[in-house]
Structures are given as C-alpha cells and as structure tokens.
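A closer look at the structure
Chain by chain, the residues run as shown.
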Amino acid sequence: MSLSRNPAPPSGTAADTVHDRFGAAIAARLDELAAISDEPAVLTRLYLGPAHRRAADLVALWMRDAGMAVAMDGTASLIGRYEATTSGAPALVIGSHIDTVRNAGRFDGNLGVVTGLELVRALDRRGKRYPFAIEVVAFGDEEGVRFTSTLGGSRAMAGRFDAAILDERDGAGVSRREALELFGCDIAAIPRSARSAADTVGYVEVHIEQGPVLEAGDLAIGVVTAINGASRGIIELTGKAGHAGTTPMDLRRDALAAAAEIILAVERRARAEPELVATVGHIETPGGAGNTVPGKVQMTLDLRSPSDAHRKAVLEALEAEMRSIAGSRGVGCEIAMSYQAPAAPCDAALSARLAASAQRCGYPAGSLPSGAGHDAMAFRGILPFAMLFVRCRDGLSHHPDEYAAPDDIDVAARVLADFIDHLAT
Ligand SMILES: [Zn+2]
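Residues numbered from 1 in each chain as written. Predicted model: local features only at pLDDT ≥ 70, side-chain atom pairs only at ≥ 80, totals over all residues. Heavy atoms only, no water.

All right, on to the pairing of strand β15 (residues 366-370) then. Across the five residues of β15, four count as buried, placing the element largely inside the fold. Of the pairings in the sheet, the one linking strand β6 (residues 221-227) to β15 comprises four bridges and is parallel in character. Counterpart to Val223 in the pairing with β15 is Ser367. (Buried < 20%, exposed > 50% of the residue type's maximum accessible area, 1.4 Å probe, protein only. Helix = DSSP H or I, 4+ residues; strand = E, 2+ residues; numbered from the N terminus. Pairing = 2+ DSSP bridges.)

Relative to each other, helix α1 (residues 23-34) and helix α3 (residues 110-126) sit at 130°, their axes nearing to 9 Å. As summarised for this structure, α1 and α3 are arranged oblique, according to the angle between their axes. The two elements α1 and α3 meet at a crossing, and its hand is right-handed. Contacts from Ala25, Ile26, Arg29, Leu30 and Leu33 in α1 reach Asn110, Leu111, Val114, Thr115, Leu117, Glu118 and Arg121 in α3. Residue composition of the contact of α1 with α3, grouped by class: seven nonpolar, two polar and three charged. (Axes fitted to C-alpha atoms, helices over the stretch in contact; angles between N-to-C directions. Parallel < 35°, antiparallel > 145°, perpendicular 65-115°, else oblique. Left-handed = near helix turned anticlockwise from the far one by under 90°. Contact = heavy atoms within 4.5 Å. Nonpolar A, V, L, I, M, F, W, Y, C, P; charged D, E, K, R; others polar.)

Orientation of helix α7 (residues 255-272) relative to helix α8 (residues 308-328), taken along the N-to-C sense of each, is 155°, at an axis distance of 10 Å. Judged by the inter-axis angle, α7 sits roughly antiparallel to α8. α8 is crossed by α7, and the crossing has right-handed handedness. Of the residues in α8, those in contact with Ala258, Glu261, Ile262, Ala265, Val266, Arg268 and Arg269 of α7 are Val314, Ala317, Leu318, Glu321, Met322 and Ile325. Each residue belonging to the contact of α7 with α8 can be placed in one class, and the counts come to nine nonpolar, no polar and four charged.

Turning our eyes to something else, we now look at the pattern of salt bridges. Inspection of every chain in the model, using the stated rule, returns 25 salt bridges. We note a salt bridge from Asp167 to Arg177, for which the minimum N-O separation is 3.1 Å. You can see Asp167 sitting in the loop between α4 (152-157) and α5 (176-183) and its partner Arg177 sitting in helix α5, a full ten residues away along the chain. Across the salt bridge formed by Asp302 and Arg304, the nearest N and O atoms sit 2.9 Å from each other. The buried category is assigned to Asp302, whose relative accessible area is 14%. On the basis of relative accessible area, Arg304 is assigned to the partly exposed category, the value being 23%. What emerges from the salt-bridge pattern is a single network uniting Arg21, Asp407, Asp410 and Arg414. (Salt bridge = Lys/Arg side-chain N within 4 Å of Asp/Glu carboxyl O.)

Structural data, given as structure tokens:
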C-alpha cells in the first residue's frame, strides 16, 4: 500500500475548502474536552453525568461560535445546525459521541464531533453555505457504560428508540428516565428526534479506527465498508470427570482437551476467511481441579463479519466442526448462540464520494470494515451513512494512551471538507 504521511495537497483542487490546517485546532479542542471528566486524573465521562453536562455545554458554546444554531433533543444529543443557502433545506449530519468509557482515551467519539465542528467553523468564517444544511451532532450514549443498552441518541434520531429502555437502571439505581429528566431532557419529545431521507441527506462519522489495520497499511485514513455483524454465544462441552491419577488416557472424555482442539479449529477457520474474526475470549472448567480430568467446559464464542451471509455460513460450518471434534472424543457439545446482530453496510454512494475526495486531496484511503459498533449503525436501513476511520497508534483504544496524530486528523478533516464541497454537485 502506498504512503500517505501528509503529502502536500495538490494545488488548485477542492475549490476554497482545503486551505485550513485543521489537525492542530482539532487536537487542541480534544485536549480541552479531555479535561472534563467525572473522575480526577483520568477521563471518564458517562452518559448524563456531570462531566457529560459540562462537555455538552462547552461543545454547545463552540457550536454557537462556529455559526450554528444549537438544540438538545430528548436523549441529550446536542445538535448544531449550520443553515443552508435556503433555510429549512435537508441536512448532512456529521456526528459521533462525547460519552466515554472509564479511564478512556480522548479521541474515541469526541474526534468525530470536533472535526465536524471545526469544518463548519471554517465555512462560517468564509461565509460559505451549501444547498444543504450541515448539522453536527454530539451523541451521549454510545459506550453503554452507565446503562445496559446503548445508542439511545442515534437510535432516537433513526426513529427506532425503544421506550422500554427508559426503565433501565444504572449501578446506583437511577433509571434512564430519571437521569434524562435530571439532565433537563424532554422525554416526551424523543419521537420528534426521528429523521428521514426527506430532511436528511445522510450521516457521516469520522472515528479513530480502534484497530491496527490502517497503521499496518501505512495509511492515515480509511473508508469503512460496513460495521460488522456479530454472533455471540456459549459453547458447553460435557465429558466425564475422573481422577487424574487413576483414569487411563484411553478411557478419558476430557472436556478441556476437546475445548483446546475446538479453539484452534475456530482460529484456523477464521484465519482462512477474509474479513471475518472469531474469538474464544473466556473459558471455565466448573468444578475443575488440578488433579481432576475436566468433565465440563463452558466457553464463549464471538464471530464478526461485514457480511451476514458469510458470518452465518462460517458459523454453521464451525458448529459442525465443533460437534465433530467433541463427538470424536466422546464429549457432548451444546452450542447456544444467543446474540445475533446484523451487519450495517455503509452507503456505497457516500463511501465512493469519500474515497473520491481522498483521491482528489492526494491522500490514498484504505477501505476496511469496522469491527466495533458505532452510532452510525443505528441508521441502518433508515438513512444512508458513511464512516471515515483515522489511524490510531498501536490500534489502541478505550485506554488513556489512545492516540491519533494531528497530521492524520488533518487528512481526515481535509477529505471531509472536500466531500462536503462536492456533495452539492
Ligand atoms: Zn466511539
């Protein structure tokens, strides 16, 4: 793959949109936001908590300063609107989230919000408007740390908010409904957050990759093909417990040895399948002891792919292989895949436009699926959406050492500026 380490952009392209240096300005705002935390010394900003309040207030201030009209919806999503040449025109929505995990990095989510904001500020400074409005949205409920369910804000915007989650309670017993009311949100207004293709051109999200693919390919940015679908479940293997000293090897039905063979089979199959990942991340031997032949094993299986058909086909093949391995060892094999989430393919036209913008700006973009979930996936089947990933150091995320270089952020911002500039044509 070719190098993209911030070559000089070709002159005379992308009209008047790419003369700004965005990277440093965005990084400075991310630093400022990172100081807003629920905990001292580390970054923890949970949905509807005190730090979320302060971060939303700061982002709202920035939005107004960037020439946007600011509103907060019934799920505490902050929406800044930069009007079109004709007021009331459909909007391009640029969004991500400002909540974080505990002890988080400063780029996850916040990057997408601040990038949109900085781009609009540059447009406002030049008095540049488009036939479509630009809305920058800061969702607050992406990480799913405080409450069980997640994407409340983006799901509301997609018109698929599930009112049942209002009764979810956090660790302190506070319900989502109470937390929203305390935050000043009008819960009755949540249905009014719903967007449609009539009022929204599309949704674009800039996000750090949270993985090592772009770095390995020496690419600053990548256009996301799809947010992976996932299958998750539990495999239970039942053999026969026995005395480790008295049970001869040929009379054993060792559930843990079967598990070992199965784990390697899972790895082998996933390695052979393009863009599919499979993980056994947790294993237990209930009642196990150092001097006992393991009679029972419970282990997890997590399978992800940008293609639902591919994921299902591989899962079926794996299930047959796991049963066959267990069967050959006289071990029972129960497979319960309780969680299935469909893949969310990015819009082909919007993604092609992002790739064309990258090309025009002189930065080759990779294309890759997203292994992690994002707000964008809430719009599956409702609005066209696209995502632009930014290389992050060591693929590290959800960690204080999370890092994206200002030069790479600058590339993403320039590409998005060009994308916006050409969207009107
Ligand atoms: Zn995120």
